[in-house]
Each structure stands twice: as structure tokens, then as C-alpha cells.
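Structural characterization, general
Here are the chains, one letter per residue:
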Amino acid sequence: MPISVTSPSRELHSHNVDMEDKRRKQTKGSDLKSRLQRRSSQAPNTERLSPEEIILWSQSLERLLASKNGMTTFQAFLKTEFSDENIEFWLICEDYKKIKSSFRLSSRAKKIYKTYIEAEAPKEINIDHKTRDLIRRNVKTPTTVCFDEAQRIVYRLMEKDSYPRFLRANIYRTLLDSASDYIKM
């Protein structure tokens, strides 16, 4: 039977790696906190995440989405929840409403329908059958409001489900704690 021989330096290296892994796990949350604090102390000409802004996000989904940083943070959270298709759809509808060209309106409506509305779409959103049928008919002669009902449904879903989960999630709690620490300084 072969005997394995471990050199003392290999054992020491293994021990150091184990200790480093343990330290990394213990400081995972505080590491994010320190990165956020470093970010807030960057040069004055860089965009900062203010404590007031972070606190405002908890007032409503509308306030969160109105903030560029809030939107980005919420999108990152939804990706971890595997439900980012909702915010993507909502944002695409916001852009869709700004289209002036009827040709672009038509081609974009078809693309949105195939990506988010159609049954078995790659990023299918959760809407009722009646709304899905209404949009299917609307896309044949699209207007800037043809996705409004689906957008309202998705917004309400995010407001009632995703947004409260976001407020309880580590990503937001860590930012909020960091903001609280900053205010106390």
C-alpha cells in the first residue's frame, strides 16, 4: 500500500489556505461594507451613492426606479433572484413609448412580443391570458401604448413581490447599514 508523505511546507500552506477561506467567509458582509465606504470616499468628481439616496429607496418602488443607482442595484438583486425579466420588460416599455417612427415602433413591438409576451418566450413575463391575447392583437398595428397593461401588471408584481424582498435582502441591508455608519460619522 502506498504511503503519502506530506512535506511540512505543504501542510503549512494548506493550513494557511483553510484559514484564509474561513476569514473570507466571516468577512463577506463586512467586505462589501468596506468597499462601499471606500466608494463613498472617492474623488469629488465621481458619482457617489449618498446615504440619503439609499434611505429614499425604501419609501417606494417608484423612488427606487427613479434613482440611477437604485435601478442598477435593484437590477442586480433581481438577477440573483432569476427574475430580472420583469425590470427588463418594464424598462424596454419605457423606451418603447419614446419611439416616433412607425416602422421602428412596429419592429420593436414584434421583438418585445417575441422576447417577453409570447408563450414560451425566452424571457416570458407573468401576465394573464387575456392581457397576452390583447397584446398579440395590438402588435399587429402597434401604438406606443400597446404594452401598457402588461407593464402595469409587471410593475404591480415587482411592487408587491420583488421590491419587499429587495428591502429585506442582504444587498440592500448592507447598503443601508453602510449609509447609517456614514451618517453617524
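The shown structure was predicted, so the numbers you read here are calculated from the model rather than taken from an experiment. (Residues numbered from 1 in each chain as written. Predicted model: local features only at pLDDT ≥ 70, side-chain atom pairs only at ≥ 80, totals over all residues. Heavy atoms only, no water.)

Residues Phe 74, Phe 89, Ile 117 and Phe 147 are the most contacted members of the largest nonpolar core, which totals 41 residues. Within the residue set of this core, elements represented by two or more residues are helix H4 (61–66), helix H5 (68–80), helix H6 (84–96), helix H7 (102–117), helix H9 (148–168) and helix H10 (170–184). The element contributing the most residues to this core is H9, with eight residues. Not counting residues up to four positions away in its chain, the partners in contact with Ile 117 are Phe 89, Ile 112, Ile 125, Ile 127, Arg 132, Ile 135, Phe 147 and Ala 150. (Core = buried A, V, L, I, M, F, W, Y, C linked by side-chain atoms within 4.5 Å. Buried < 20%, exposed > 50% of the residue type's maximum accessible area, 1.4 Å probe, protein only. Helix = DSSP H or I, 4+ residues; strand = E, 2+ residues; numbered from the N terminus. Contact = heavy atoms within 4.5 Å.)

You will see that Phe 82, though not glycine, has its phi angle at about 55°, which is positive. Looking at the secondary structure, you find Phe 82 in the loop between H5 and H6. Of note in this structure, Glu 120 is not a glycine but carries a positive phi near 70°. Within the secondary structure layout, Glu 120 lies in the loop between H7 and helix H8 (129–138).

Along the chain, Ser 83 turns up in the loop between H5 and H6. Not counting residues within four places of it along the chain, the set of residues in contact with Ser 83 comprises Leu 78, Ser 162 and Arg 165.

A rise of 1.5 Å per residue sets the reference length of H5, with its 13 residues, at 18 Å; its end C-alpha atoms lie 19 Å apart and thus fit the reference within 8%. Listing the buried residues of H5 in full gives Asn 69, Gly 70, Met 71, Thr 73, Phe 74, Phe 77 and Leu 78. In the segment just after H5, Phe 82 is the residue with positive phi, at about 55°. (Expected span 1.5 Å × (residues − 1).)

The next subject is the packing of aromatic side chains. Counted according to the given criterion, the structure contains nine aromatic pairs. With a centroid separation of 6.5 Å and 25° between ring planes, the pair formed by Phe 74 and Phe 77 is classed as stacked. Of the two residues, Phe 74 and Phe 77 both sit in helix H5, three residues apart, roughly one turn of that helix. Relative accessible area serves as the criterion here: at 0%, Phe 74 is assigned to the buried category. Aromatic pair Tyr 96 and Phe 147: ring centres 5.2 Å apart, planes at 80°, arrangement edge-to-face. Of this pair, Tyr 96 sits in helix H6 while Phe 147 sits in the loop between H8 and H9, and the two are 51 residues apart along the sequence. Note on accessibility: Tyr 96 and Phe 147 belong to one class, buried. (Phe/Tyr/Trp six-rings, centres within 6.5 Å; stacked < 30°, edge-to-face > 60°.)

All right, on to the state of the cysteines then. What the rule picks out here adds up to zero disulfides. Cys 146 carries a free sulfur, and the closest cysteine sulfur to it, the one in Cys 93, is 8.1 Å from it. Using a relative accessible area of 5% as the deciding quantity, one classes Cys 146 as buried. (Disulfide = S-S within 2.5 Å.)

These figures capture arrangement, not role.
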